[in-house]
Structure formats: structure tokens, C-alpha cells
Amino acid sequence: MSELMRDGWHALDSQTVLHRLAVEPAQGLSESEVALRRQRHGLNTLKPRRPRPALLRFLSQFHQPLIYILLAATVITAALREWVDASVILAVVVLNAVVGFVQESKALHAIAALARTLVSEATVIRDGKRRRVSAAELVPGDVVVLQSGDKVPADLRLLTTRDLEVDESTLTGESQPVPKQADITLPPDTLLAERLNTAYASTNATRGQALGVVTATGDRTEVGRISELMASAEQVATPLTRKIHHFSHLLLTAILALALATFILGVWRGESAFHMFMAAVALMVGAIPEGLPAAITIMLALGVSRMAHRRAVIRKLPAVETLGSTNVICSDKTGTLTENRMTVTRVLAGGEVVEVPGAGYAATSWEAASRPALRECLRAGLLCNDSRVVEREGHWRTEGDPTEGALLLAASAACLDLALEEQRHPRLDTIPFESSHQYMATLHAPAGEGPAVVYLKGSVEAVLARCDQVLDAAGATIPIDANAIHGAAERMASDGLRVLALARTTLPPGRRVLKPGEVARGLTFLGLQGMLDPPRDEARVAVRKCRNAGIDVKMITGDHALTARVIAEKLGLGPVGRSGRPVALTGRELDTLGEEELQLAAEQTTVFARVTPEQKLRLVRALQTRGHVVAMTGDGVNDGPALRQANIGIAMGITGTDVAKDAADMVLIDDNFASIEAAVEEGRGVFDNLTKFIVWTLPTNLGEALIVLASVVLGTTLPVLPVQILWINMTTAVLLGLTLAFEPAEPDVMERPPRPPDEPILTHDLIMRTLFVGSLMLVAGMGLFELELVRGASEAQARTATVNSVVMMELFYLFNCRSLVKPMRAVGWGSNPWVFVGCGAMLLVQLLFTYSPVMNRLFSSAPMPFESWLLIVLAGVAVLLLVGLEKSIRLRHGMGGPQRAVGSAT
């Protein structure tokens, strides 16, 4: 057999396909031929990509500048024989490495999940006999028998079909099952979603039967190509990891430079090299924010917990913060922005158009009894129907075709009882729907002794061609005006509705068999029912909140462009074009654009319809190239590459495939866009709190480093020892700093624009505040140390006073950091009780540090007189008042404000 085509089987007629694959459909392949082809093409499974060795992935977690600083701190504290502190810092480093390693391992499961999509059984014809085999054993040329409910085991060129419909939503995003037709050939450039003569691996047959020949297996299938795309998609660094990486580089450089300068300056002035080395060590230990990695991990973990309560499950910790900086959300349509349930929204009957109230399974009851034509139209949809509505675990669900389910719900909402109607009009016979005649008809016994009734539903063209009269508003028959009905149908279709026409006729009493010729003409037209998958009410509100927050929401779907534009318009998505409706592009139009044109179109377009997996990936990359932080939603196999490429991938928890969930950073429990908006709000709050922690902790590190540097410059005794600096940094970070993680999101958090992706964690205003508070700590710490010595205190007592003054200033400064812009009264004293718990615990710990003999020996501290505490508290109060004054001045002169608050500027 010649080398197989990569694609294009849809462009060949079935006989040519069979000839190229060297197979007869009645006989199928022989077992010997199957063995030869399996040797050539391999098993029908996806080959797993070889990951990096686990040890290498674990060691790479230590390859970060901030981790280098912490490892240096561990070595230094160990050299000082402070084993407890060294162990604590090392534990923080190892914990961060383990968390990162686990997160990366979870991401690698996405490819493995793709391989699982092909593990199933298939019915094949081999040696002229039908048999069930493992789907993994299929080879190109195998003849496969498909039945309703079967999973398509490989890519197939269909040979024969009978009412076959295939759910391709996991592959193409198409919201409705696709009717298939074997006896056609299509142009070579036909889009995947429009190839009606093929079926693809990972999709499902929802109706009918078919015979197909395998054209591709394993990695050569369409789902295999998606696997390749996922392997090529980059794991994009989150804004937080990029900013921490940049911040750590700057911090590492500054600390080493300052320590070296301190050592050189002291030696140049004649101090001993050992003394200067210890001073440099003290400076380094003081400047290193040992608690920062632990604080980041804990704050992100708390964010994960909060989001879980709002129905969003975070799989990767940095995704919490990424949500806060997202400025573009690319959302799927079906099930995320919409109800994922077809719903009748408009009915034409008796010459009038009726808007159906409510939507879906929660539709508002409405009265149809006073409108005979309307009631008969709804009854036809109820009885000419093979689907059912069932209640499961308190929720109503349809079993069968979604379109038929919509007809049942519309009739039920109009107080038509299915069981009662079936009892009055029992079904006798059916002409099932076939694509060739575009209708379904059912024969029903009369309620009494009258004639049998036939109800028919189908496409507008097929039904109208069989009708010569119509029911008027009173239920009487009048001549039909086909042009008027066609016009009404076109208006419904232009609004994105899927339109079904309904009709009836009668047959003589006693008839129990229905023949196609008996519904060929002379029917009475009953009406039109227009339906669509309606937008979620809460999604409409969430979209508005996102737009107010400066977040652009785009719809990327595999559905039809017209339907997508209608839903986008109802949701208030923008911008709009000249037509007054949201701007839309199709996948075919995207393929004509160059890279620069695509980037521009990605920014300016609201709706992308009929897109392929490759196009979704290109759109995400185009937006990222333009500097956007992109969140991407999806539920199917086809969404995997784009979910992995996006800054944050969001999978659906209810309808999502394993592939989508494993590739995503976040999973929505309720598949609801409103949960994304809630998660964005939480993400912004998390980044606010991270920034508050950094702005709170850095002045302490700066102040400690400046105290050491000042003592070297002035040639005085070190006011604080390295082990005491470690005590300050570790205890305050845990007892004081981490209480900021419990700060609720500020009320205006969703009224600010998104943070620019390239904006640093510390803006100019926050750097100035850090320098200001660090200078206050320098003045107070050095001043109190010298004052204590002048008053006759020992060096141990003076150092203890310095340590306590730094801690007290941190404690009072903590209240300023609960909001970096607003005054404390605006935050609310009781909104975060953990702040007061932490402050109380910190005071108790400092009393132990000062007065416990054990602590005195471990940290070279000494008991202080009461007068020293008055000066220490006064220093803390001074910081509280001065920083509050600085914030007030900035607000008064427009140098900061709610719209440029944490994460934007000060």
C-alpha cells in the first residue's frame, strides 16, 4: 500500500478512497494484512512525549535568583552556628521547590490524557465477519461499523450513512450534532467542522448508523495533531513569576554590591577584616527578605481557598495572581456564556409572533390555551418528538436531540402535559428524520372516533412545500401565504435562531401505518418555532463588570458566525461594527491574514467563529505578542493547545474533557463565565495583598541594612547582630506580615484598569515610600541604640532596644499597609481581625525575647527598663502618623488614588 495521505480524504469519492486503501467494504481486511499494516503504522494510540527526568525537573526549581539569596542566607546562618534559623530558611527553599515540582508534573498529564481518548472498542469487518476489537488495534483500511452512542475510534471516511449525526463539540466546538452524508465529495479546502463525509477520533455518534473506512490512526489523526500542538505550545511565565524574577535579580545585585561596599569601606578605614566580614554578613542577612517566598506561597494558597468557595478550582498557584493582571478573556460560547441547552424563544402561529418568556428548564409558565393555533403548534412539537425530559438529582435534563428537547420544554411551559397528550394521542407509526427528506412525521390515533392525526416537523422548505393551508389565530384553516412565512423564517434566522416548521394532516380512521406519500401534499401549516442556546443572565452581568474593569472579553467558538454574533450582542460584548453588531471573523477569514494583520484583528475583533485548534492557538499567541495577558476558556480536546499556551487556561468542570482540565490552570466547577469574573476579582485582591506584604517587609530589610551600613561608616559598634536580624525577619514575617493575606479585596478592585504586564511590582511611588520608612527605621534604630548607651545601658540592652524598636515600627507600619492609598479609617478596623491577633502574638514573643533567660542566651538580648519601652512605642506611633500624613498629601495632590491603587501605582 502506498504512503497514506496526511489529509484530504473528504475531497475523494468513496470508491477512490477504497482503492487507495486497498480494501473491499464487504470483506474488510484480512488478519494477516492487519498485522502487516500495524507493523507499518503502529498502534492506534498517541505516543507519549518523553518528559525531562524527574530529578532534573526538581533541581530546576532551585534555579531562581531569590532561591540563590535564600541558599546564601542558609549557608551564612549555618556558618554562624544558628542551626534553627538555617533549618527554617532551608525548609522554605525545599518547600517552594516541592510545590513547583508537583505543579509542573500535573501539567505533563495533559499529553497522557490525550492518549486515553482513544482507549475504547470498535466494531470492524475483517475477513467478511463483524467483530469487536480494541480501538488501539485499528489500522488504516479497517472497515468500521458505527452505531448511535459509539465513540468514533479513528479518523474515518464514511462509506454509507443512515441518519448519522455526530457530536463533534470536543474537536471543533460545534454546539449541535452534525448530520453526516457519505455520498458526497467536498472541496479540498473544506474546514474540519464542515466535512460532512468524514468522522474523527474522539467524537461521538449521537444518532443513526454508518459504515466507514479508517484513514488515519494514532498521531496521524486530527486529535493526534492537537497532541503535537500541545507539545509545541509554550508554558508561558505568569506576570507574578516574571516580576518576582526581575525583582530578585535587582535585589541580589543590590545586596551583594552593598555588602561588598561595606566590607571594602571598613577595611579601608582600618577596621579588622574579620569585623568587617561579620558586618557584611549582618548587612546581607538584614537585606534578604527570608519570609517572602513563604509569604507568596501562603497568600496564593489562601487565594486558592477563596476561589474554591466561588466555584473556581486553581490547579497551579501562580494562576491566582495571573487572573488579577488579565486584560483579555477569550471565552468559549456554548455552556460558558450560554445555558448549553437549546431553548425555544420565538413562535409564529396563527399569523402572530409570540416571544416565549423565560429560558431553558426554568422557563416561566405562559398561557397558550386562548390561542388555538399556538397551542396546536406546540402540541405538534410535543408529539412529533423522540426525546424525553427527565429529572435527575433535582435537575431537569433532556435525553435525546437538544432541538427536540427545546420543543418539549416550550410545550411544557405552556401547560401542555406530555403524559396526558400521549395518552390522548398514542403514537401508531413514525417516519424517522432523514437528511434526504428533511422532516420527521408521526401518526397518532384519534382521541375518539375521528380520523387519525399526522404531525410533521422539519426544515421550513421541506414542510412548506407540503402545505396548502394554514391555521389562523382562531384555529380555522385559510389559504397559505408561503412568501410571508418564508420572510418570517428568514427574520428568525437572521437573529441567529434555528427554525423548525410544523404541520399536520389527517388520515381515515383505522390507519396504523404511515407512508411518505401520505405527507407529500395537502398538509395544514401550524407554525414556526425558533430556538437558540440563550446567554446566561449572570454571564451578561459578569461581562459588564469585566468591561468596567478594563478587561476585553472575546468569544472564540466553533459555532456559526451568525449565532455567535447574536449571542455576543445579547451579552453586550464589543466593540461593534457598522452593522451595530459585534465585529466577527470566521476561521476561513483568519487563514487569509498575515501575522501582523492577525495581531491587529485579534485586538479589534469580538467574535471568532468556525475556528480550528490551530487558529485558537494563533489567536492566543497574537494577543500575547501585542502585550496582553490572556485567559482562555475551553472544554474540548480541541481547546488543549490554546489552554496550555494562554497565560491562564480555564477548563470547564462539568462538560470539560480530561485533556482540557489537565492542560488548564483553573477549572470552573459550574462552567459559568460569572465564576471567571469572581476569580478575577479574587486574583486582583491576592496581588494587592502580595504587594502590600512586599511594601511592608522591604523597609524593614532596608532599615536593618542601613543601620549596619551607618555603623560601619561611623565606626561604631553594630547596633544589631546578624542572629537578631534573623529573629526580626522570621518572626515578623510570620506573625505580622502574613496577616495581610487575610485582607479582603478593596471595594474598587473591579473598577480599576488591569495592571500593565510590564509594570514592576514596586512602582516609583512605592519605592519612595520604602525609602522613606527605611530611613525612619534607620534614624529611630541608631538613635535609640546610642541613647541607651548614653543612659548607661549595656550593649546587650541597647541592641535589645534597637530590635524592639524595629519590631514596633513594623507593627505600627502594618496598619498603614492595609491600604497603600486610603487612610486607615477607610479600610475598617474590624475587617481583618487577624491583624490584631498577629500584633498581640508579636508583642508576647518580643517580651519573651527581652526577658526570657533562654532567649537572652540564644540571641544575646537583655532585659530593659520600662522607660525604654516608652521610647520604642513612641517610635512606632511616629511611623504610623508620618506614613499616614504622606498618604494624605499624595491623595490631596492627585499623586495617587483609587484608580491607580495597588497593582497600578500607589
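Here is what the cut-offs are and how they apply
- Residues numbered from 1 in each chain as written.
- Predicted model: local features only at pLDDT ≥ 70, side-chain atom pairs only at ≥ 80, totals over all residues.
- Heavy atoms only, no water.
- Buried < 20%, exposed > 50% of the residue type's maximum accessible area, 1.4 Å probe, protein only.
- Helix = DSSP H or I, 4+ residues; strand = E, 2+ residues; numbered from the N terminus.
- Contact = heavy atoms within 4.5 Å.
- Pairing = 2+ DSSP bridges.
- Axes fitted to C-alpha atoms, helices over the stretch in contact; angles between N-to-C directions.
- Polar contact = N/O pair within 3.5 Å; in protein donor to acceptor, adjacent residues only side chain to side chain.
- Salt bridge = Lys/Arg side-chain N within 4 Å of Asp/Glu carboxyl O.

Colleague: Account for helix H19 (residues 561-571), with residues named and values stated.
Modeller: Here H19 has its buried residues at Thr563, Ala564, Val566, Ile567, Ala568 and Leu571. At its buried positions, H19 is contacted by helix H17 (482-494), strand E20 (523-532), helix H18 (537-548), strand E21 (552-556) and strand E23 (607-609). Directly after H19, the chain includes Gly572, whose backbone phi takes a positive value near 80 degrees.

Colleague: Account for the sheet that holds E23, naming residues and giving values.
Modeller: Read from one edge to the other, the open sheet built from eight strands follows the order E8-E26-E25-E24-E9-E21-E23-E22, with strand pairing classed as mixed. Because the sheet does not close on itself, it has two edges, and the strands there are strand E8 (312-314) and strand E22 (584-586). Averaged over all neighbouring strand pairs, the angle between strand axes comes to 20 degrees, with direction disregarded. Across three bridges, strand E9 (residues 328-331) lies against strand E24 (residues 630-634) in parallel orientation. Residue pairing in the sheet places Cys330 in a bridge with Met632 of E24. Across the face of the sheet, helix H22 (residues 613-625) comes into contact with E9, E21, E23 and E24 while running at roughly 165 degrees to E24. Docked against the sheet, helix H25 (residues 673-714) engages E8, E9, E21, E24, strand E25 (648-652) and strand E26 (666-668), running at close to 160 degrees with respect to E9.

Colleague: Describe the side chain of Lys457, and please don't skip the residues or the numbers.
Modeller: With respect to the secondary-structure elements, Lys457 resides in strand E16 (residues 452-458). Within the local environment of Lys457, its side chain forms a polar contact with the side chain of Glu404, the two groups lying 2.9 Å apart. With near-sequence residues (within four places) excluded, Lys457 lies in contact with Cys384, Asn385, Glu404, Leu407, Tyr439, Met440, Val463, Leu500, Ala501 and Leu502.

Colleague: Outline the pattern of salt bridges, supporting the account with residue identities and numerical values.
Modeller: Applying the stated criterion across every chain, the model contains 33 salt bridges. Put simply, Arg126 and Glu31 hold a salt bridge, and the shortest N to O gap is 3.9 Å. With Arg126 in strand E1 (residues 121-126) and Glu31 in helix H2 (residues 31-41), this residue pair connects regions lying 95 residues apart in the sequence. Residue Arg126 is classed as buried on the basis of its relative accessible area, which comes to 1%. Two residues, Glu867 and Arg791, come together in a salt bridge whose shortest N-O distance is 3.4 Å. Within this pair, whereas Glu867 is found in helix H32 (residues 866-892), its partner Arg791 is found in the loop between helix H27 (764-790) and helix H28 (795-816), the two being separated by 76 residues in sequence.

Colleague: Please give an account of unusual backbone geometry that cites residues and values.
Modeller: The backbone of Ala22 shows a phi angle near 55 degrees, a positive value even though the residue is not glycine. Tracing the chain through its elements places Ala22 in the loop between helix H1 (14-21) and H2. Positive phi values are uncommon outside glycine, yet Arg610 reaches one of about 55 degrees. Within the secondary structure layout, Arg610 lies in the loop between E23 and H22. We classify Arg610 as buried; its relative accessible area is 12%.

Colleague: Which residues make up the side chain of Lys822, and what values go with them?
Modeller: Note that Lys822 resides in the loop between H28 and helix H29 (824-827). Taking relative accessible area as the criterion, Lys822 reaches 18% and is therefore assigned buried. Excluding residues within four positions of it along the chain, Lys822 makes contact with Glu746, Pro747, Asp748 and Lys887.

Colleague: Lay out the pairing of E9 in plain terms, naming residues and giving numbers.
Modeller: A two-sided burial pattern is seen for E9, the buried positions comprising Val328 and Cys330 on one face and Ile329 and Ser331 on the other. Pairing between E9 and E21: four bridges, direction parallel. Paired with Ile329 across the two strands is Val553, which belongs to E21.

Just distances and angles here, no functional claims.
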